[in-house]
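Topology and contacts: notes
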Amino acid sequence: MKHEKLYAFLDYLDDDLVLESAEVKKRTWRGRLLIALCVFVILAVVYVASTWTIYHPPEDVGGTPGVLQDGAYYVYAGSGFPIPGQRSVPRGIWRYVPGEGKELLVDTKERQVFSIVPDWSMAINSHSLYYTDWQTLWRLDLETREETVLFRCGQTAGVREEENLILHRVEEDTVVIQRWKGDQAEWLTLDSRTGRQVRPPELPQDTVQTVTLSLDGAAFALVPHPAPADEVTEMFGDFTKYGGQYYWYDLQFEGRSLLPPGWRTDPGSCQDLGSVLSVGGWRYTGADADGHQLSERKTFLFDSAGSPIPFEAEPKEGVWLIPLAAWDEWLCFTRETQRPGYDTPASDLMVRNIETGQERVLLEHARFLLVITDGTWVYSCDGSVTGHTDCWRIDYDDQGGPTGLTLIEDNI
Amino acid sequence: MLDLEIVALCRGRDPAALEAMAEKYGAYCHRVAANVLGSDHDAEECVNDAYLAVWNAIPPADPPRLLPYLAKTTRNIALHRLERERARKRDSRMDLVLDELAEVLSGGRDPADEAEGAALMEAVNDFLRQKAKKTERALFLRRYFWGDSIGDLRALTGFSESKIKSQLMRTRKRLRAYLEERGLLP
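First, a word on scope: everything that follows refers to the structure included in this document.

Criteria and cut-off values
- Residues numbered from 1 in each chain as written.
- Chains lettered and ligands numbered in written order.
- Predicted model: local features only at pLDDT ≥ 70, side-chain atom pairs only at ≥ 80, totals over all residues.
- Helix = DSSP H or I, 4+ residues; strand = E, 2+ residues; numbered from the N terminus.
- Contact = placed C-beta atoms within 7 Å.
- Nonpolar A, V, L, I, M, F, W, Y, C, P; charged D, E, K, R; others polar.
- Buried ≥ 20, exposed ≤ 12 C-beta atoms within 10 Å, placed from the backbone.
- Pairing = 2+ DSSP bridges.
- Axes fitted to C-alpha atoms, helices over the stretch in contact; angles between N-to-C directions.
- Core = buried A, V, L, I, M, F, W, Y, C linked by C-beta atoms within 7 Å.

**Quick notes on the overall build of chain B**
Broken down by element type, chain B carries nine helices and zero strands. For chain B, the sequential pattern of α-helices and β-strands runs α-α-α-α-α-α-α-α-α. Of all intrachain contacts in chain B linking residues separated by at least 6 positions in sequence, the fraction that spans at least 24 positions is 63%.

**Section: the interface of chain B and chain A**
The interface is formed by 32 residues belonging to chain B together with 22 residues belonging to chain A. Among the residues forming the side of chain B that touches chain A, the class breakdown is 19 nonpolar, six polar and seven charged.

**Considering the environment of R360(A)**
Residues and elements named next belong to chain A. Note that R360 resides in strand β25 (residues 359-363). The class for R360 is partly exposed, based on 15 C-beta atoms found within 10 Å. Taking the C-alpha atoms as reference points, R360 and L349, separated by eleven residues in sequence, lie 8.8 Å from one another. In this structure R360 touches M350, V351, G401, P402 and T403, once residues within four positions along its chain are discounted.

**A closer look at the sheet that holds strand β26 (residues 370-373) of chain A**
Residue and element names in this part refer to chain A. Sheet architecture is open: four strands sit in the order β26-β27-β28-β29, paired in antiparallel fashion. Only two strands of the sheet have a single neighbouring strand rather than two, namely β26 and β29 (402-409). Averaged over neighbouring strand pairs, the angle between their axes works out to 30 degrees when direction is ignored. Sheet analysis places β26 next to strand β27 (residues 377-381), joined by four bridges and oriented antiparallel. Within the sheet, the bridge partner assigned to I372 lies in β27 and is Y379.

**Description of the nonpolar core**
Formed by 69 residues in total, the largest nonpolar core has its most connected members in I93(A), Y130(A), I177(A) and C332(A). If we skip the residues at most four places from it in the chain, Y130(A) touches M122(A), A123(A), I124(A), L137(A), R139(A), L150(A), L167(A), V170(A) and V175(A).

**Some words on the sheet that holds strand β23 (residues 330-337) of chain A**
Residue and element names in this part refer to chain A. Strand order in the open sheet formed by four strands is β22-β23-β24-β25, and the pairing between neighbours is antiparallel. One side of each edge strand has no neighbouring strand; the edge strands of this open sheet are β22 (319-327) and β25. The sheet shows a mean angle of 35 degrees between the axes of neighbouring strands, direction not considered. Two strands pair when backbone bridges link them, and β23 and strand β24 (residues 346-353) are joined in this way by eight bridges, in the antiparallel orientation. If you follow C332 over to β24, its bridge partner there is V351.

**Let's talk about the pairing of β27(A)**
All names here are of chain A. Here β27 lies mainly inside the structure; five of its five residues are buried. Residues W377, Y379 and C381 of β27 are buried on one face, and the alternating residues V378 and S380, pointing to the opposite face, are buried as well. Here β26 folds back onto β27 in antiparallel fashion, the turn holding three residues, of which G375 has a positive phi close to 95 degrees. By the bridge criterion, five bridges tie β27 to strand β28 (residues 389-396) in an arrangement that is antiparallel. When the sheet's bridge partners are listed, V378 is paired in β28 with W392.

Next comes the structure, spelled out in structure tokens:
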């Protein structure tokens, strides 16, 4: 075919095809670099997100702290979404009994149960297990394994979306929940078996911040405070002023201050260790020669009567004491000792009789982060849903003093 | 400016249409002309001729889409200019490109008339639309309509030279078989 004819025939090429081919863009190294950068950013975002929120669940129960009741350990496990092909335990509340193993008690696959803060969403007493998805409170009868709804937000108001609840306290006959309507909170006390409200809702008082503490009668109360110096206000900044009078929140037990004068704390620095309350406190100590404002920090421990327990947690001569748990008159803590030539300190698990001051080593070379114990069993975990939990038994001597730990099962 | 507005300027005999065409489609037209002629200078003259040809053709012509119409006009003007210089530029790149395509479409003979040629090209359109993948189609049209060199196609697609050549050869073979099946080639 002559070229002239071919030219003419190529005019018959479809306009759409010509247009499509006109739009083919030249690929440049910049474009490829941009694509590679986008892929990298997406992978980085997925990695970070999976570390923070998508938690890849392990095959064991993970390392979220659970609760102990009558020798059995109850714990959330299997949070998050497994990677395709990855084995993992079903998401739910598990019950572990030493020597018997674990069983899935409540399958929460279809419920948005928030297991990261079990203190607010799971609790137990001798007859029931309570858990919530922030809007519904369920009760599982431990004997019959029957599940019932104890309370559901919006039942009376009909505005379920705007209401949330957290578990506040569980006792044998009552369950106290905190119900939020927008930014307004109220406390409801329910019958622990039927869910019936046993007394009218209690509105929070402006002058009291209630905290979830095992120490009955402990609360943060708003009390008058002398006008603080500017540097104190600058350093702590948590004073409230009404009508020319300064106030602050003081941790009190049965109406008296728990911390010595000048010491401050907040609800987030209080930790329930079982039979002992741990309080992280701080106070203003003045300025140094360069004008830097200084403060002192200290850990205070109180027994169930609100009496202080002598305990020097702060570093002293290269030794740190970190309180972990308590039962009866025994306080369990980690003792870390600085070692010359080593980056990390030596760490032992210790126990101290808070009445006599007698101390013993429970386990040498042990670095426990979280300990849950009832005095018979010890569960050590790292607080992470992808971490691990080990089960131990406490050994006692003839006088009833703990002498050591025996590992029953690791990675339960 | 929208194509409709440029066409309206042409109908109104407004010289602003020439500027609008140059601004919007100048790069496309220059490329197709330069690919055919192998010279930027010749391409520039050819493109200006094409704008004028389109401006003169509308009306009565009423192209539904301006770019294909302008590109085809530019291409034809460039090819005619090439023909005029054929004697001394017999081995130009465009000749080689057209030889490749002619081998597939002619089968050793010319279509008997315009109608036969139109039917042949309609089948080529069908093949490209229905049988060719998007990449195949792009390579084929960039090579045989726009006149891109293998080097241009490498830069455009990121493919290696051998891949582009073998891809084009496969497409030509498949196109030939397609046309033979329909009795359009001996």
